[in-house]
Amino acid sequence: MRWENLTVESGGNLPKDAALFGADAVTTRTFDTPEFRGITFHEIRAKSIVNRVPGASRMPFEWTVNPYRGCTHACVYCFARKTHSYLDLDTGLGFDSQIVVKVNAPELLRRHLGSRRWLGDHIAMGTNVDCYQRAEGRYQLMPGIIAALRDHANPFSILTKGTLILRDLDLLKQAAAVTEVGISVSVGFTDHELWRTVEPGTPAPERRLDAVRTLSEHGIDCGVLMAPVIPFLGDDPSQLRATVRAIAASGATSVTPLVLHLRPGAREWFMSWLAHHHPYLVRRYERLYAEGAYAPKWYQRRITRQVHELAEEYGIGPTRAGMPRRIPAPAEPAAPEPTQLTLL
């Protein structure tokens, strides 16, 4: 495994979001409990935890914190799969089962926030891999991370597919009392058959919407990132209506649709899955994504218009700039390749 690529000594060839740690600081563990069977954890003591978003990105935030790499949610479309190749790890099953855990993330973040050089900028979490994936149930890094942000009144946002966020409800309420807190839950569809095959390690869509409801009932506004909308599998008007109706019933403050995009690393894995489960769609996908990682703008605009019309009908709308305690909506993308806020 190419751990040396993420060491301080590796020089200037690091990916922008890479954690820095010593090559001798890796402890590999496996557990026999049912929820972790087949999963390997690589525990590392990182040397940095706050990552700057690349300057070319159009993301509506500049800084991120990612306590994990790899994700047991095993979403077949996850764009973050490519990052596992930096470690010589497989971007398919390896991404789903070889999880890097930055065990010292809370203490690193607290130290960073206390630095005189830190200006208190917004920090986004869950924008690479999910910080509330199953590993968090064992390692419990997020309570320390949220507590550090609360204690420094530092604004932050969390994007998740994990219902484990409810464990930290009290901490989130405390943080929201002193700073801007944005919570968004990702629910791209409510179709159970699609969910079981494309997001096999995640809580069911209705459980995620239950989490939205609970957060809202406790005074924490929670939007829904309707992502991804999967062409030809989750984009039928009846499916879009069912999903928006369920999102509205959950008490979500906003709904923001994003169409599936397929970057290198994710594209190969998704297309392999598609050929196995829906071979009749392979040629349609090749045509739809012939120009790159993103569906054509006409298709994206059609889905966005449909979802926004449904959201208006059901009494909710897209996230708008300036709305408090919410993850900002992605900037309007420029042709030919828009950049979209995505989970994992």
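See the structure shown above.
Residues numbered from 1 in each chain as written. Predicted model: local features only at pLDDT ≥ 70, side-chain atom pairs only at ≥ 80, totals over all residues. Heavy atoms only, no water.

**Section: the overall build of the protein**
Quick note on the threshold: Secondary structure elements follow DSSP: runs of H or I of four or more residues count as helices, runs of E of two or more count as strands, with numbering from the N terminus. Burial status follows relative accessibility: with a 1.4 Å probe on protein chains alone, a residue under 20% of its type maximum counts as buried, one over 50% as exposed, and anything between as partly exposed. Contacts are assigned to residue pairs with any non-hydrogen atoms lying within 4.5 Å of each other. Reported accessibility uses the Shrake-Rupley method at a 1.4 Å probe radius. Residues are deemed covered only where the shown protein chains occlude them.
Scanning the protein for helices and strands turns up 11 helices and 11 strands. Burial status across the protein gives 55% buried among its 344 residues. Put simply, 76% of the contacts in the protein that link residues at least 6 apart link residues at least 24 apart. For the protein, the exposed surface amounts to about 14500 Å²; the carbon and sulfur share of it is 50%.

**Structural notes on the sheet that holds strand 7 (residues 123–125)**
Applied cut-off: Pairing between strands is defined by DSSP: at least two bridges between them are needed. Orientation is described by lines fitted to C-alpha atoms, with helices fitted over the stretch in contact, and by angles between N-to-C directions that extend from 0 to 180 degrees.
In spatial order, the strands read 3-4-7-8-9-10-11; together these 7 strands make up an open sheet with mixed pairing. The sheet terminates laterally at strand 3 (50–52) and strand 11 (255–259), the two strands that pair on one side only. Taken over all neighbouring pairs, the strand axes of this sheet differ in orientation by 25° on average, direction set aside. Both strand 9 (residues 181–186) and strand 10 (residues 222–229) contribute to a ladder of 4 bridges, which runs parallel. Its bridge partner lying in strand 10, Ser186 is registered against Leu225.

**Description of the pairing of strand 11**
Put simply, the test is: For the handedness criterion, the strands are oriented away from the viewer, and a crossover whose path from the first strand over the helix to the second runs clockwise is classed as right-handed.
Most of strand 11 sits inside the fold, with 5 of its 5 residues counted as buried. Neither face of strand 11 is exposed, since Val255, Pro257 and Val259 on one face and Thr256 and Leu258 on the opposite face are all buried. The pairing of strand 10 with strand 11 spans 4 bridges and is classified as parallel. Paired with Met226 across the strands is Pro257, a residue of strand 11. Crossover connection from strand 10 via helix 8 (residues 237–249) to parallel strand 11: handedness right-handed.

**Regarding the packing of aromatic side chains**
Put simply, the rule is: Pairs were defined over the aromatic rings of Phe, Tyr and Trp, the Trp ring being its six-membered one, requiring ring centres within 6.5 Å. Orientation was assigned from the angle between planes: stacked under 30 degrees, edge-to-face over 60, tilted for the rest.
Across all of its chains, the model carries 8 aromatic pairs by this definition. Ring centres of Phe232 and Tyr285 lie 5.6 Å apart, and the angle between their planes is 85°; this geometry places the pair in the edge-to-face category. Taken together, the positions of Phe232 in the loop between strand 10 and helix 8 and Tyr285 in helix 10 (residues 282–288) put the pair 53 residues apart, joining distant regions of the chain. Ring plane angle 45° and centroid distance 5.4 Å describe the contact between Phe270 and Tyr285, whose orientation is recorded as tilted. Here Phe270, found in helix 9 (residues 266–277), pairs with Tyr285, found in helix 10; they are 15 residues apart in sequence, far enough to count as distant. Residue Phe270 is classed as buried on the basis of its relative accessible area, which comes to 0%. Judged by its relative accessible area of 1%, Tyr285 is buried.

**Description of the nonpolar core**
As a reminder of what qualifies: What is meant by a nonpolar core is a set of buried Ala, Val, Leu, Ile, Met, Phe, Trp, Tyr and Cys residues, joined one to another through side-chain atoms within 4.5 Å.
Ranked by size, the top nonpolar core spans 94 residues in total, and within it Leu109, Met125, Ile158, Phe270 and Tyr285 carry the most contacts. Top element by residues in this core is helix 4 (residues 142–151). It accounts for 6 residues. Excluding residues within four positions of it along the chain, Phe270 makes contact with Val76, Tyr77, Ile230, Leu260, Leu262 and Tyr285.

**Regarding helix 11 (residues 297–313)**
Let me state the cut-off plainly: Expected span, for any helix, means 1.5 Å times one less than how many residues it has. In this context, the arc is that of the directions from the helix axis out to the C-beta atoms.
Here helix 11 contains 17 residues, and its C-alpha end-to-end distance of 24 Å stays within 8% of the 24 Å for a straight helix at 1.5 Å per residue. Among the residues of helix 11, those classed as buried are Tyr299, Gln300, Ile303, Val307, Leu310 and Ala311. Along the axis of helix 11, the buried residues cluster in a sector spanning 105°; they form a single face. Away from the buried face of helix 11 by more than 90 degrees, exposed residues Trp298, Glu312 and Glu313 are located. Residues of helix 11 that are buried make contact with strand 10, helix 8 and strand 11. The first or second residue beyond helix 11 is Gly315, which carries a positive phi of 90°.

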